[in-house]
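# Close look at the chain arrangement
The lines below spell out each chain.
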Protein chains: 2
Amino acid sequence: DITKQEIASFFGKKLVFNEEVWEQVQKIFAARNMPTPEINRSQAMVPEDFIALKNERGTAPGLFYEEGEKSFFAFAGVPVEMKHIFLTQAKPILEKKYGTQDKVIQRTIHTFGIAESALAELLSDFQPPENVNFAWLPQPGRVDLRFYGTDAQAIEKVFNECYSRVQTYAWGFDDDTPVSVLHHILREKKLYLSVAESCTGGLVQKMVTDLAGSSDVFLGGVVSYANEIKVKILKVKAETLSKYGAVSEECAREMVTGVRDLTDSDIAISTTGIAGPEGGTAEKPVGMVCFGFSVHNNIWSITHIFNGDREIIRQQAAEFALLNLIKYLQGHKF
Amino acid sequence: DITKQEIASFFGKKLVFNEEVWEQVQKIFAARNMPTPEINRSQAMVPEDFIALKNERGTAPGLFYEEGEKSFFAFAGVPVEMKHIFLTQAKPILEKKYGTQDKVIQRTIHTFGIAESALAELLSDFQPPENVNFAWLPQPGRVDLRFYGTDAQAIEKVFNECYSRVQTYAWGFDDDTPVSVLHHILREKKLYLSVAESCTGGLVQKMVTDLAGSSDVFLGGVVSYANEIKVKILKVKAETLSKYGAVSEECAREMVTGVRDLTDSDIAISTTGIAGPEGGTAEKPVGMVCFGFSVHNNIWSITHIFNGDREIIRQQAAEFALLNLIKYLQGHKF
């Protein structure tokens, strides 16, 4: 409310009551089966000569004001509301006013499984033309390569050239995410996934179900945080735990076959590791995670050490599990 | 790198090679068992007269420059690195230079289970004194009430006054999070938790294991996304599914007793709902989630309808499950 008052006074305007906004605010409360509190009337106050941008996700409208060539926008701070108002209201205004002739086009290659420095070496003599911008976007554990500009043909040419060099490490393009790519492959091949997690504590399965339609490709799984759960539900052998420990490729492989058999899935993933910050040893440091994979009758395991705090280690480990499975599925026919 | 060059030119400085930063960069690569790429030498370039702030989490140092009373800081953009450099390097500089006499003190009450407007009504005649600032911080599904200022005694007094009014809805204070509060209660009461999730897809268990030491309070659980998994692993009756559907309190209650029996836990939570955007009906709209709770031999269920997109519905549902359990445990002796 203070922001709105300041905006009004900056432009030398009074705040006036806007009937349409008030109706929209009341609608939102009605949908929640709540009477609209009187205090919310202030949300219907809009600086004179401003246009209120309809907020379908919340009660505070966006604001738009123009003086000649200049446009001024103000949005509510809640990210989901701000994004919605921008896309549905502000973007069309901007496109109409300033045109979209020189639209910026961008193409992205997502890579994984190669260190940033090794990728840099692979592309050391790669030089895009002047009309194509090249951005190097390192994410934790992977690198995105982005080309953008206004010359669509030139971008496509450079994009293909770069792709042919990094193909081995590419897992997706543009808006692809690990989960969207995995869903696409599983759906196409009609394969069902299950997951057994220890250190990632449910995060792999949370990621897999981030997208609608997950039930077409995902059956479910087990979070076997305690060793007793690994033994009782996943049928990990007590002997394996005592001989190799819970954080071992041996355990990861028994977890993955355990969850596959329990759920009758075609494909399975398992994770077991040390997310930290405590619990590391010289032999098994914090960040060490063992992964098990099962695709039909092919079982394998990988160990990887991640850097970062607990949250980052878990995020990277979950993504690593999905990306490794994706790279395998992309390289094999069924 | 462009930012650093611009900073240097803004202050009219040259970039000079800093031996200490270079050593730190090499150390980071050595810890990853990688040779330091030559390209990283640019990270050791620091504007003349600037002090490089050691970055123990990455390769790009922070920058500090002062002219008289003015201080200028620049940090790497990676949040975990920025935060680390600020806390270990920048904060001590600021405290030393500008003093900490008028330290701002803040106290927060976290509430849950009461609509924002109802809470506002409850506090309508509550007026903190002028030297205590009062912030109303709505989070999705809950509201935080914050008091801050420099007069510790006045803050404490208002804080207690407010707490006595909202006590019924308060679940924590200050830096408490739902997970930290839940861990604290379970650890104190020596109780073990298990979880059965459908629509939240692993998120409840991910949250529970966000904190180190989760294995003291959490055994594990099941993500029963497909109905067959609910029946096979959690022993939900096929009849329950056909009669009431998977999204029903009946199913939630069978899921929660199922996971409790499977894991032998003292306490269990279950979730089953429609995360959307598809799959809603007039009777069971998108955002509707049924929860089951089991504490010793007490079993109960709740249905709640959440607003927002898939991600927000799932986040709110997972937090709702934890906060409901917390409120129950806070109100009961064992």
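Only a predicted model underlies this, so the values are computations on that prediction, with no experimental measurement involved. (Residues numbered from 1 in each chain as written. Chains lettered and ligands numbered in written order. Predicted model: local features only at pLDDT ≥ 70, side-chain atom pairs only at ≥ 80, totals over all residues. Heavy atoms only, no water.)

### A look at the domain arrangement of chain A
Residues and elements named next belong to chain A. Each assigned domain of chain A is listed here: domain 1 (3-98), domain 2 (105-173) and domain 3 (178-330). Distance from the C-alpha centre of domain 2 to the C-alpha centre of domain 3: 30 Å. Contact residues are listed per partner, giving nine residues for domain 2 and 10 residues for domain 3. The junction of domain 2 with domain 3 conceals about 770 Å² of combined surface from both sides, 64% of it contributed by carbon and sulfur atoms. Linking Glu319 and Arg142 is a salt bridge whose minimum nitrogen-to-oxygen distance equals 2.8 Å. (Domains from an automatic or database assignment. Contact = heavy atoms within 4.5 Å. Buried area = accessible area lost by both parts, 1.4 Å probe. Salt bridge = Lys/Arg side-chain N within 4 Å of Asp/Glu carboxyl O.)

### Describing unusual backbone geometry
Residue and element names in this part refer to chain A. With an omega dihedral of 0 degrees, the bond running from Gly276 to Pro277 counts as a cis peptide bond. Of note, Pro277 is situated in the loop between β12 (267-273) and β13 (288-295). Located in the positive-phi region is Lys190, a residue other than glycine, with phi close to 55 degrees. Along the chain, Lys190 falls in the loop between α6 (178-189) and β10 (193-197). The class of Lys190 is exposed, set by a relative accessible area of 68%. (Helix = DSSP H or I, 4+ residues; strand = E, 2+ residues; numbered from the N terminus. Buried < 20%, exposed > 50% of the residue type's maximum accessible area, 1.4 Å probe, protein only.)

### Some points on the pairing of strand β6 (residues 105-112) of chain B
Residue and element names in this part refer to chain B. Judged by how many residues are buried, β6 sits mostly within the fold: six of eight residues are covered. Sheet topology places β6 next to strand β8 (residues 142-149); eight bridges connect them, and they run antiparallel. Note on β8: the bridge partner recorded for Phe112 is Arg142. As judged from the three bridges shared by β6 and strand β9 (residues 170-173), these two strands associate in the antiparallel manner. (Pairing = 2+ DSSP bridges.)

### As for the packing of helix α6 (residues 178-189) of chain B against helix α11 (residues 310-331) of chain B
All names here are of chain B. Contact pair α6 / α11: the axes reach a minimum separation of 10 Å and the direction vectors enclose 40 degrees. Between α6 and α11, the angle is such that the two are oblique. Here the hand of the crossing between α6 and α11 comes out left-handed. Together, Pro178, Val179, Val181, Leu182, Ile185, Leu186 and Lys189 of α6 and Glu319, Leu322, Leu323, Leu325, Ile326, Leu329 and Gln330 of α11 make up the contact between the two elements. Tallied by class, the residues present in the contact of α6 with α11 amount to 11 nonpolar, one polar and two charged. (Axes fitted to C-alpha atoms, helices over the stretch in contact; angles between N-to-C directions. Parallel < 35°, antiparallel > 145°, perpendicular 65-115°, else oblique. Left-handed = near helix turned anticlockwise from the far one by under 90°. Nonpolar A, V, L, I, M, F, W, Y, C, P; charged D, E, K, R; others polar.)

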